[in-house]
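Spelled out, the chains give:
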Amino acid sequence: MSRSLDKDLLAHLKADDPDKVFRDISTLLTDLPADGGLLEIEFLGREYPLASGTSYLRDGLAVGVPKLRLAQAFFVARQILQNHLDGDHTPHSKLMAATAVLLLMDPEHLTAANVRKRLLVSALESSGPDNSALRQEKQFVDSLVTSRLHRHTKSPTLWSHRRWLIRLFEVHGIPLDIQRDIKSIVMIAGERHPRNYTAWHHARILLRHHPESAQLVAIDVKEFCLRNHADISAWSFLSYAISAIEAEERRREVCSLILADVLKIADSLGWTNESVWVFLRNITTADVVGQQQLESFLVVNKKLASVTPRESDRWRILDSARRWCEEHRPPTIINLANT
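What counts and how
- Residues numbered from 1 in each chain as written.
- Predicted model: local features only at pLDDT ≥ 70, side-chain atom pairs only at ≥ 80, totals over all residues.
- Heavy atoms only, no water.
- Buried < 20%, exposed > 50% of the residue type's maximum accessible area, 1.4 Å probe, protein only.
- Helix = DSSP H or I, 4+ residues; strand = E, 2+ residues; numbered from the N terminus.
- Contact = heavy atoms within 4.5 Å.
- Phe/Tyr/Trp six-rings, centres within 6.5 Å; stacked < 30°, edge-to-face > 60°.
- Lys NZ or Arg CZ within 6 Å of the ring centre and 35° of its normal.
- Core = buried A, V, L, I, M, F, W, Y, C linked by side-chain atoms within 4.5 Å.
- Polar contact = N/O pair within 3.5 Å; in protein donor to acceptor, adjacent residues only side chain to side chain.

*Asks:* Account for helix α14 (residues 274–284), with residues named and values stated.
*Replies:* Of all the 11 residues making up α14, eight are buried; the element is thus mostly covered by neighbouring parts of the structure. Within the sequence span of α14, burial applies to Ser275, Val276, Trp277, Phe279, Leu280, Arg281, Ile283 and Thr284. As for α14, its buried residues are in contact with α12 (232–243), α13 (248–269), α15 (291–306) and α16 (313–328).

This is how it looks when you write it as structure tokens:
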């Protein structure tokens, strides 16, 4: 694909002062809401022309940035970063502004992310007990990964940067509400970009370091999965969250509750998709699931299989789930598949 710019686009790029556009958009990204609210960013195409001197549209937390204006700001930001890399002295605030624009334009701009890391560490060393810079950086990154921008919600670079931030929070003793983090950040990213493996992998890392939150997180994620039943990444994380519950009796109770709820909905709505039944077969073969739960699994499985055309893809999914239980069910439970 050609990366050349047509004459009409070049004319529009030159129509407004790019330095002003850069200041407008970078200020939007650096002067974030004082209450910690996250921007809901969208890109606007040519069908949304703005008046000269207007760099974006905003209504509360909802922001629309024209791609043309972002391109103008990007060129300025790239030059600022290049000057810094070439050895020029660039003020901290200007570099933070430039890298914010670069990451909005390109979420995989690794150099911009790494420069922000160095700037943030430097700010923390000089600010003493004031951790506002750390909180502002998290607010900025969270605005990007929960935005309505397809590449940003699943960006490995942005999620990696967020993991680095979380480690800094722990080092500096700043408390984190893991349940809220997963519900308001990971799940939003999962809704904006279905099957968002990168976001759910981030959730696993959070829960791995805070297993005490596993029970509440599992309940929340179950609701997400029931609303997004084709999302195999979410179902996979739900299995992990259940297994992360440390107390065996609580893990047994939560597992049974979730299994019953999912089976009820699957039976009611006739779900035969692979995401749901891979989850159900895995949960049913867990050590904490008893004979009664296995019976329920088999009843629903056979009922749906009986009304599904034999040898169809959906029937094979159901048949494969049943046979998986036969092969992997712990020997302490009687195999009821053929009863």
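*Asks:* Which residues make up the packing of aromatic side chains, and what values go with them?
*Replies:* On inspection of all chains with the given rule, the structure shows six aromatic pairs. Ring centres of Trp200 and Phe224 lie 5.2 Å apart, and the angle between their planes is 65°; this geometry places the pair in the edge-to-face category. Of this pair, Trp200 sits in helix α10 (residues 197–209) while Phe224 sits in helix α11 (residues 214–227), and the two are 24 residues apart along the sequence. Both rings, one in Phe237 and one in Tyr240, keep their centres 6.3 Å apart while their planes meet at 35°; by these two values the pair is tilted. With a gap of three residues between them, Phe237 and Tyr240 both fall in helix α12, about one helical turn apart. The pair Phe237 / Tyr240 is uniform in exposure class, with both members buried. Counting every residue linked through ring pairs, the aromatic cluster contains Trp200, Phe224, Phe237 and Tyr240. The ring of Trp164 carries Lys117 above its face, with NZ or CZ at 5.5 Å from the centroid.

*Asks:* Account for the nonpolar core, with residues named and values stated.
*Replies:* It is characteristic of soluble globular proteins that their nonpolar side chains tend to be buried jointly. Counting residues in hydrophobic clusters, the biggest one holds 96 residues, and the most contacted among them are Phe237 and Trp277. Ranked by the residues each element gives to this core, the list is headed by helix α4 (residues 92–105), at nine residues. If sequence neighbours within four positions are ignored, Trp277 has contacts with Leu263, Trp271, Thr272, Phe297, Val300, Asn301, Leu304, Ile317, Leu318 and Ala321.

*Asks:* Go over the side chain of Asn301, please, and point to the residues and values.
*Replies:* Its place among the elements puts Asn301 in helix α15. Note on Asn301: relative accessible area 2%, which makes it buried. Among the polar contacts made by the side chain of Asn301, one reaches the main-chain carbonyl oxygen of Leu318 at a distance of 3.0 Å. Those residues in contact with Asn301 that sit more than four places away from it in its chain are Trp277, Leu318, Ala321 and Arg322.

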